[in-house]
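Structure at a glance
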Amino acid sequence: MGRPYGREVEQFGRTYSWAQSQQIENMSLMVRSHRRKPLVAVGSGGSLSAAHFAAHLHRVVQKQVAKAATPLEVFSDPIPNDCTALLLTARGRNSDIIAAFNSLAATEVGDLGVLCLVPDSPLGKLARARVGVRLEELALPSGKDGFLATNSLLAFFVLLYRAYQHGTQWEELPENIDLLRGHNDISFLDSQIKGQARSLVDKEALLVIHGPDTQAAALDLESKFSEGALGSVHVTDLRNFAHGRHHWIAKRGETSGILMLVSDREFALAEQTKRLLPRSANTLILKSAFNGPLASIPILLDVLDFVALTGQIKGIDPGKPGVPEFGRKIYHLRAFGSIIKQPHQDAPSRAIELKTGEPLRAMERTQIEFWKHEYFQFLRKMQGTSFAGIILDYDGTLCNRDVRYAGIREPVVKALQRLLEAHVPIGVATGRGKSVREDFRKKLPRKYWPRILVAYYNGAELGTVEDRSCPDGTEICSDALRPVLSELQAHAELMRLASLTVRKHQITVESQTLQNMDLWELVFSITMPFSSAIFSRDAVC
């Protein structure tokens with residue numbers, strides 16, 4: 001199983017260039033959708049290191065609480081539905097990540113995203129079949145990693161950084177991998193540093209000490225040393241080391257080495273710490289010239305090089321160490337079927353939690369009884385009511401927001417067709433124009449078109465899908481909106497940051513630099529005096 005680790009290292013330059021060349025807009029929209037909510041980033045094996053990096057980016061860039069979690073964590077203890085979740089997977093086929101996806105989808109987590117590095121994976125197929133899930137599938141040119149995550153991990157780090165950096169003032173990644181690595185003041189590019197690193201490899205234990213900027217890379221080193229059976233690694237940060245971890249060096253310093261992974265701003269503290277260690281302590285500092293999350297990427301490359309060096313010295317190929325039969329059996333366990341998620345995951349309890357936003361275990365008995373009574377009363381009303389039709393939103397309901405121009409997905413088309421075959425009329429409310437009409441005409445047979453009524457431009461125009469004259473596509477706005485358009489066009493900052501699309505009954509404002517909420521607030525402040533004009537948040541794209 002696997003392939004030579006050295007062959008994977010040789011592809012890092014190509015992987016970096018590929019990740020730099022990918023269109024980032026959809027991924028950026030994915031992370032922007034998480035902007036004002038806590039994030040749980042989910043990964044297993046090597047992808048867990050990427051999940052730690054995503055959580056770090058979310059905390060630093062979005063200023064929100066974020067954590068990394070394994071599939072078992074989110075399956076056994078579902079996250080609150082007012083959080084968001086991002087699943088990271090290189091292949092999208094292991095049973096653990098699929099169980100995590102099914103669990104998160106079932107609990108209707110606030111916003112669910114999937115980033116996978118192969119197209120048409122089993123997980124991707126599940127994600128595409130579920131409306132509301134944001135999916136990004138790419139084709140990593142290096143193919144499947146060996147036993148350890150290498151090129152996929154580097155790709156994740158670069159893609160995630162670019163997605164969070166897009167449209168911000170954060171520093172851009174260097175153009176190529178040589179420029180990136182050349183920014184490391186102290187790195188494996190230096191033969192003397194590589195020589196010092198060799199002296200750490202023979203130690204029985206390695207203490208890996210990191211700063212906040214380089215935690216993800218440090219955690220990956222521990223993962224690779226454990227998975228490749230390369231040695232024993234203890235990971236801690238620069239200050240937590242001071243709270244007792246230093247005692248390991250006092251008692252086992254002769255058989256231990258210390259590797260510090262730091263950014264530029266953390267270097268002074270690392271140096272101060274090193275000077276206070278015993279002279280006999282075998283300590284090496286690897287430093288990036290960058291600060292913030294960007295520092296983790298060149299340090300990650302040093303970590304991957306250190307793994308290669310360790311494997312060479314110990315005679316173990318980390319890319320193909322050999323998998324024992326018991327390990328293979330453990331990997332293929334159908335583990336999640338034997339785990340009871342929670343004792344209250346019946347339909348009424350799940351509905352109550354979604355309605356109230358509170359876990360059932362935190363409620364008093366009288367509260368639970370009240371909500372169960374309301375739940376069953378609602379069901380009785382629904383079951384005893386005859387419905388004359390159904391009205392649906394379009395973006396985020398009938399089609400996913402992140403692939404909005406792909407239109408309605410096949411499972412939704414089939415559900416709509418069943419309703420129409422039962423002679424249930426359908427109404428659609430949308431901020432869009434004729435693209436909605438054309439999507440329905442493309443996806444559904446002609447005989448159903450008269451039965452679908454669309455409220456275009458947030459209800460400004462009504463027409464069936466059969467009616468080609470609706471909506472009015474003229475680019476001259478109505479008299480009611482003309483003063484609003486003039487005010488928007490006169491605002492120099494808005495015109496610098498955004499573009500306007502004018503229709504008779506709607507003005508659409510689009511931006512590639514501002515976050516949606518920032519754009520909304522700016523447009524609202526400009527147009528607030530025009531209280532009589534029809535204005536909707538859905539009109540701000």
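Residues numbered from 1 in each chain as written. Predicted model: local features only at pLDDT ≥ 70, side-chain atom pairs only at ≥ 80, totals over all residues. Heavy atoms only, no water.

Attention now moves to helix α20 (residues 482–489). Residues of α20 that are buried include every one of V484, L485 and L488, and no others. Buried residues of α20, seen end-on, are gathered within an arc of 100° and therefore sit on one face of the element. (Buried < 20%, exposed > 50% of the residue type's maximum accessible area, 1.4 Å probe, protein only. Helix = DSSP H or I, 4+ residues; strand = E, 2+ residues; numbered from the N terminus. Arc of directions from axis to C-beta.)

L88, L206, L221, L259, I297 and F306 are the most contacted members of the largest nonpolar core, which totals 73 residues. Sort the elements by how many residues they give to this core and helix α8 (residues 151–165) lands first, with 11 residues. Leaving out residues up to four positions away in the same chain, L88 has contacts with V42, G43, S47, A50, A51, A54, I97, L115, F156 and L160. In this structure, C399, V412, L420 and Y448 belong to the second largest nonpolar core, which totals 22 residues. (Core = buried A, V, L, I, M, F, W, Y, C linked by side-chain atoms within 4.5 Å. Contact = heavy atoms within 4.5 Å.)

What follows concerns the pattern of salt bridges. Where side chains of opposite charge bring their charged atoms close, a pairing between them can arise. The full count for this structure, using the stated rule, is 16 salt bridges. E73 is the partner of K67 in a salt bridge, and the nearest nitrogen-oxygen pair spans 3.3 Å. For the salt bridge of D111 with R134, the shortest nitrogen-to-oxygen distance reads 3.3 Å. Of this pair, D111 sits in strand β4 (residues 111–116) while R134 sits in strand β5 (residues 133–137); the two residues are 23 residues apart in sequence, bridging distant segments of the chain. Each member of the pair, D111 as well as R134, carries the same accessibility label: buried. Connected through salt bridges with shared partners, the residues D120, R128 and E137 form a single ionic network. (Salt bridge = Lys/Arg side-chain N within 4 Å of Asp/Glu carboxyl O.)

Attention now moves to the sheet that holds strand β3 (residues 84–89). The strands making up a sheet associate through backbone hydrogen bonding, with each pair oriented either parallel or antiparallel. Overall, parallel pairing links the five strands, which are arranged β2-β1-β3-β4-β5 in an open sheet. Pairing within the sheet leaves two strands with one partner each, and these edge strands are β2 (66–69) and β5. Across the sheet, the axes of successive neighbouring strands diverge by a mean angle of 15°, strand direction being ignored. Strand direction decides the pairing type here: strand β1 (residues 39–42) and β2, joined by four bridges, are parallel. Its bridge partner lying in β2, L39 is registered against A66. Taken strand by strand, helix α3 (residues 25–32) contacts β3, β4 and β5, and its axis lies near 145° from that of β5. Strand contacts of helix α6 (residues 95–106): β1, β3, β4 and β5, with the helix running at about 160° to β3, the strand carrying the most contacts. (Pairing = 2+ DSSP bridges. Axes fitted to C-alpha atoms, helices over the stretch in contact; angles between N-to-C directions.)

Take the sheet that holds strand β7 (residues 232–237) next. Pairing is parallel in the open sheet, where four strands are placed in the order β7-β6-β8-β9. The outermost strands of the open sheet, each flanked by one partner alone, are β7 and β9 (282–287). The average angle at which neighbouring strand axes cross in this sheet is 20°, direction not considered. Across six bridges, strand β8 (residues 256–262) lies against β9 in parallel orientation. By the bridge assignment, L259 is partnered in β9 with L284. Relative to β9, helix α10 (residues 191–201) is tilted by about 135°, and along the sheet it contacts β6 (205–210), β8 and β9. Across the sheet, helix α11 (residues 215–227) touches β6, β7 and β8, and the angle it forms with β6 is around 165°.

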